[in-house]
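# Structure at a glance
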Amino acid sequence: MLVPLALILSLQAVLHIKHAKARQSCTIAFDELSADCKGLRLDSVPITQLPDSLEELDLSFNTIYIIRKQDFFKLSHLRVLKLNFNNISLVLDDAFQGNLLLEELNLFNNSLTEIPFKALEPLTNLKVLEMSNNLYSQASLGAAFLNFNQLKVLSIGGPLVSSLGSHDIYVLKNISLDKFAVKTGTGFRDYEPGYFKSLSTKHLWFDITFDKNPDLLPKMLKDLADKTFDVLRFRNLFEFQYYTGERDIFYGLQYVNAQTLTFYRGKFNEEVMRMALKNVEISPITALELLLIDFARSQNRTQGSSVKNLSLDRLVLSDISNPDIMRFDWSFTWLNHVRKFIVRNVNFNSVPCDSWPEMKSVELLDISNNQLMDSYIYNPLCDTRNTLHKLETFNVSHNRLTSLSDLASLTKDFVKLTTIDMSHNQLQYLGNGACDWRRTITKVIGHHNSLTSDSFKCLPTSVSFLDLSYSSLDQLDMDYFNKASELTELLLSGNKIKFIPSGWKNRYLRTLALDGNSFGLVSMTSFKDMLSLRVLTAGNNPYHCTCDLYTFIQETTSKGKVTITDWPSNYKCYHPERLLNTMVSKYSPGHLACDITLVIIISVSTTVAVVLVIMLLCYIFHVPWYIKATYQIIRAKYRAHKEGSGQGVDYAFHAFISYSHSDADWVRNHLLPCLENAKPPYRLCIHERDFIPGKWIIDNIIENIENSRKVIFVLSHNFVNSEWCNYELYFAQQRAIGKTFSDVILVVKEPIDPTSLPSKFCKLKRLLNTKTYLEWPQQATEQNFFWIQLRSVLGKPNSIRSRTTSQHSRLSSVRSVSLIEAPQNQDTEGPHEDDHQISHQPSNSCQLTCIEVA
């Protein structure tokens, strides 16, 4: 009970899986002109899923077993129908009545037991009809094919066909085909001469095995005599056993006018090879292809003549497990007159030295896909100096070569070599060998290698085409590109190049591919010296979206001189982070941010405006005057230090008197007598006695202010208008820095409104507003009190340091000597401080008189 139940459940599971897969939908194209229902395990045509507008329908690799009228009737526009690899055993007579436009019908590899002539009859527009590898036993064509005037490709036959009759394809007599293929089974036993008499085709494919009746092959070849084919192809000529007979079964080949002879699969020993090649040698055949054949040495080898005059434009040996086929008769003489020699996936592990001279006519040598190592093909002991003198193209791609220098050494004697394909290896340069390439080499295909920047030292410099894509390059060698001046096309896609060197010069380069690298900075200077550049591919790089990139893209796309092939889909921002994955085409930083000229103009204009504003403020607040005064102080102190004239902390005078020249009479007649005649007397400093002749004016002013305990300013409107008085006030302020203003005594000779003072007297304004000052009374009765106040402020006239006569010339009397200051608002130019001019004509100047108490 349990066993049947388990079987039932298993069957249900299988049916459920099958039903689930059957429910998968076909893929319908957006325009509803094609549908792909391939490999969905459909057991019937899903007619409800298919739009009426279909022109192409692929139902291959399913399990459909019958074709009915309703399956395709509504698809009246159908042109291509693929039903290959199903299980179709029956096609009803009216199956294609609604598909009169059908041009391609593929019924290959099904289970048809007979050719469905009735169903095919209305399809007069057929161009391709594939019906081989079905289960019918007779492959003769009916009268329906007389109307297939547009037919170009036809395949018939199957594993059950055992004979070919002379009238089987007679109906094709008026049809010129591009390809005709016929298949028979392993039991093929009968061939009637004349089968191919009415056939006209460019490609003739035989899928016929002659294991049991090898004598049928000469009969067929005889039927092909004097016929012309582009390709004559035999598949599985001997499928299960090697031919060991002595009869030359390829005798008829010499009469077949075919351009290419192909042997695909099947078993070949060296005797069969010799038979075939000896007949090809004297035939019009120009190309021979041996594909996927099973080659073996003959057990009973006969000493046949060598093949020495095999003249071929192309010889192809591909996917052959036994590399002995290259010297099947223990020599390479059969290669003497081969122009294009292609050896792919034969896996030979050495090239004997005697093989190179035999390839003297080879113009193209392709030994790709053979797992070759350097030592397999390059033997320094082999003399290749007089070999391969006609070789122009050398293909060593898809191998395991590692040494560029060995490859250069191998090819250095190939005097006509122009193209070398060394892609898909592990080539690099280790600096351990010479790299002397032929100067004739103009094209190098070297993508998919393991190159470094040092590898450029071992690359041909004569190239016009260079492909180093996907070769792990991280930087470029500008020295190489300067030497490779003839380069016109350079492909560097898929590397790890981190930056594009500026100043890259190449006057002939027209095509440049840099996509898929690691650089992010590109600017107008990157390619400006490539004057001939027309095609640029540079997408899929981590671009820094900057003004340089924006300008480069805008200039390049707008001018149209250079075509960026992968723009804009492959260009995205990588930096800055806020722009990550933003399309470069959508990046727009703005005109101001990227226009350097405009930025400079704005910057300069702003700077000029700021400077003008600062100058205006300096003028308003008299900054130049303060700077000038400070300069004078520093300069005077520097000279004092240099001359060693510094004084101690003792004072030479009780007070220094600063006043305007206009107030000199008041000073002489009132101030000096009252203070200098006091008991004890005060020593007052005015210039008339103590200024040292020949000394700088500024030095005299500063020294005498610093040598006075107090400074008395006689304030009046004339004082305010005097430039020299302003200097003296400023010097007194500088002296008071870090101290209080207790040593400054303000005597207001006449009323002054502090608010009316110029801005440069800001300190004086503050003093008048914050410090108690003495005001000269106009009433004589009040003047005595004024003198008492002044002496109180001056303090007691204690003893002070006496000045030596060597420093000062004592004047016994008061003289009227003035230092002239340039009057303001007049055309007369005042004296320079260095001039020390003495005049007896004072005019609105600040007189400084030093009265020393004897």
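Our structure is the block above this text.
Residues numbered from 1 in each chain as written. Predicted model: local features only at pLDDT ≥ 70, side-chain atom pairs only at ≥ 80, totals over all residues. Heavy atoms only, no water.

### Concerning empty space enclosed by the protein
- As enumerated under the stated definition, the model contains four cavities of 30 Å³ or more in all.
- In this structure, the largest cavity spans a volume of roughly 50 Å³.
- Lining the largest cavity, in full, are V522, F527, L536, A538, Y543, L549, F552, I553, I564 and Y571.
- With three residues, helix 10 (residues 547–559) is the single largest residue contributor to the lining of the largest cavity. (1 Å grid on protein atoms, 1.4 Å probe; cavity = no way out; pocket = protein on both sides within 12 Å on 5 of 7 lines; lining within 4 Å. Points joined across faces, edges and corners; volume = space filled by probe spheres on them. Helix = DSSP H or I, 4+ residues; strand = E, 2+ residues; numbered from the N terminus.)

### A short note on the pairing of strand 17 (residues 287–291)
- The element strand 17 is largely enclosed, with a buried count of five among its five residues.
- Here strand 17 shows two buried faces, one formed by A287, E289 and L291 and the other by L288 and L290.
- Bridge count between strand 15 (residues 257–264) and strand 17: five bridges; the pairing is parallel. Counted as the bridge partner of T260 is A287 from strand 17.
- Across five bridges, strand 17 lies against strand 19 (residues 311–318) in parallel orientation. Along strand 19, the bridge assignment pairs L290 with L317. (Buried < 20%, exposed > 50% of the residue type's maximum accessible area, 1.4 Å probe, protein only. Pairing = 2+ DSSP bridges.)

### Some details on the pattern of salt bridges
- Tallying each qualifying case throughout the model produces 21 salt bridges.
- For the salt bridge of K183 with D207, the shortest nitrogen-to-oxygen distance reads 3.4 Å. Of the two residues, K183 sits in strand 11 (residues 177–183) while D207 sits in strand 13 (residues 201–207), which places them 24 residues apart along the sequence. Residues K183 and D207 agree in their burial class; the two are buried. (Salt bridge = Lys/Arg side-chain N within 4 Å of Asp/Glu carboxyl O.)

### What about unusual backbone geometry?
- In this structure, the amide linkage connecting H575 to the following residue, P576, adopts the cis form with an omega of 0°.
- Locating P576 in the fold gives a position in the loop between strand 31 (573–575) and helix 11 (591–594).
- At the junction of K679 and P680, the peptide bond is cis and its omega measures out at -5° in the coordinates.
- Of note, the phi angle at F85 is positive, near 55°, even though the residue is not glycine.
- By relative accessible area, F85 is classed as partly exposed at 31%.
- One non-glycine residue with positive phi stands out, namely S472, at about 65°.
- Within the fold, S472 resides in the loop between strand 25 (465–467) and helix 9 (478–483).
- According to the relative accessible area criterion, S472 is partly exposed, its value standing at 39%.

### Digging into the pairing of strand 19
- As paired strands, strand 19 and strand 20 (residues 337–344) are joined by seven bridges and run parallel to one another. Bridge assignment links L315 to a residue of strand 20, and that residue is F341.

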